[in-house]
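# Summary of structural features
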Amino acid sequence: MANHGGGGGGAVVAQIPTSFGHELRACLRCRLVKTYDQFRESGCENCPFFQMEDDHERVVDSTTPNFTGMISVMDPTRSWAARWLRIGKFVPGCYTLAVSEALPQDLQNICEEEHVPYVPPKRV
């Protein structure tokens, strides 16, 4: 199981998407990109407190198929692009550049209870 997105320490990495079609989804909190099935089977490596693998409706609520661009990050702690995108403390993996939807309020409350930051998307 992944850590809470703390980076560094172990060799925890996110699953790489097994497909690059319309079934891709991005986590609304950390912007990790995987397929719906991957989120359903193993959740989000950066956001285990969402318990997506235990609640399949949670996958739909905490991820989105609507995102812009994608970047693969092998060493987030050393990548200037990862720091610029504010994903420098997350596990290595594929991330979207931007999501347009906000995390639902009940999931924002979980973030607050877990003391993990949530930065809503910028409105254009």
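What comes next concerns the included structure. Since the structure is predicted, the reported quantities are computational estimates derived from the model, not experimental observations.

Let us look at the side chain of Lys34. Position of Lys34 relative to the elements: it lies in strand S2 (residues 33-35). Classification of Lys34 as buried rests on a relative accessible area of 0%. A distance of 3.2 Å separates the side chain of Lys34 from the side chain of Gln15, its partner in a polar contact. In contact with Lys34, not counting residues within four places along its chain, are Gln15, Pro17, Glu23, Leu24, Arg25, Phe39, Ser42, Gly43 and Glu45.

Cys27, Cys44 and Phe50 are the most contacted members of the largest nonpolar core, which has 30 residues in total. Looking at this core, the elements with two or more residues in it are strand S1 (24-27), strand S5 (93-99) and helix H4 (105-114). The contacts of Phe50, once residues within four sequence positions are left out, are Cys27, Arg29, Arg58, Ser62, Leu103, Leu107, Ile110 and Cys111.

Turning our attention to the packing of aromatic side chains. For the structure shown, the criterion picks out two aromatic pairs. Taking the centre distance of 6.3 Å and the plane angle of 15 degrees together, the rings of Phe90 and Tyr95 count as stacked. The residue whose ring lies beneath Lys34 is Phe39, and the NZ or CZ to ring-centre distance is 5.1 Å.

Turning to the pairing of S5, a few remarks are in order. The buried fraction of S5 is high, at five of seven residues. Alignment of strand S4 (residues 67-73) against S5, held across six bridges, turns out to be antiparallel. Within the sheet, the bridge partner assigned to Ile71 lies in S5 and is Tyr95.

Reading the values: rules and limits
The numbering scheme is per chain: residues are counted from 1 as the chain's sequence reads. Predicted model: local features are reported for residues with pLDDT of at least 70 only, side-chain atom pairs are reported and counted for 80 or more only, and whole-chain, interface and lining totals are derived from all residues. Only hydrogens and water are removed before side-chain values are computed, so all heavy atoms of the structure are retained for them. Put simply, DSSP marks the helices as runs of H or I at least four residues long and the strands as runs of E at least two long, and each gets a number from the N terminus on. Relative accessibility decides the category of a residue: with a 1.4 Å probe and only protein chains considered, values under 20% of the type maximum give buried, values over 50% give exposed, and everything between is partly exposed. Whenever two N or O atoms come within 3.5 Å, that pair is a polar contact, provided that in protein one can donate a hydrogen and the other can accept it, and provided that, for residues adjacent in sequence, both atoms are side-chain atoms. Contacts were defined at the residue level, with two residues in contact if any of their heavy atoms lie within 4.5 Å. For the purposes of this section, nonpolar cores are sets of buried Ala, Val, Leu, Ile, Met, Phe, Trp, Tyr and Cys residues that join through side-chain atoms within 4.5 Å. Side-chain rings of Phe, Tyr and Trp (the six-membered ring for Trp) are treated as a pair once their centres are within 6.5 Å; stacked means planes under 30 degrees apart, edge-to-face means over 60, and tilted covers the remaining angles. Each ring is checked for a lysine NZ or an arginine CZ that lies within 6 Å of its centre and within 35 degrees of its normal; such an atom marks a charge sitting over the ring. Whether two strands pair depends on DSSP finding at least two bridges between them.

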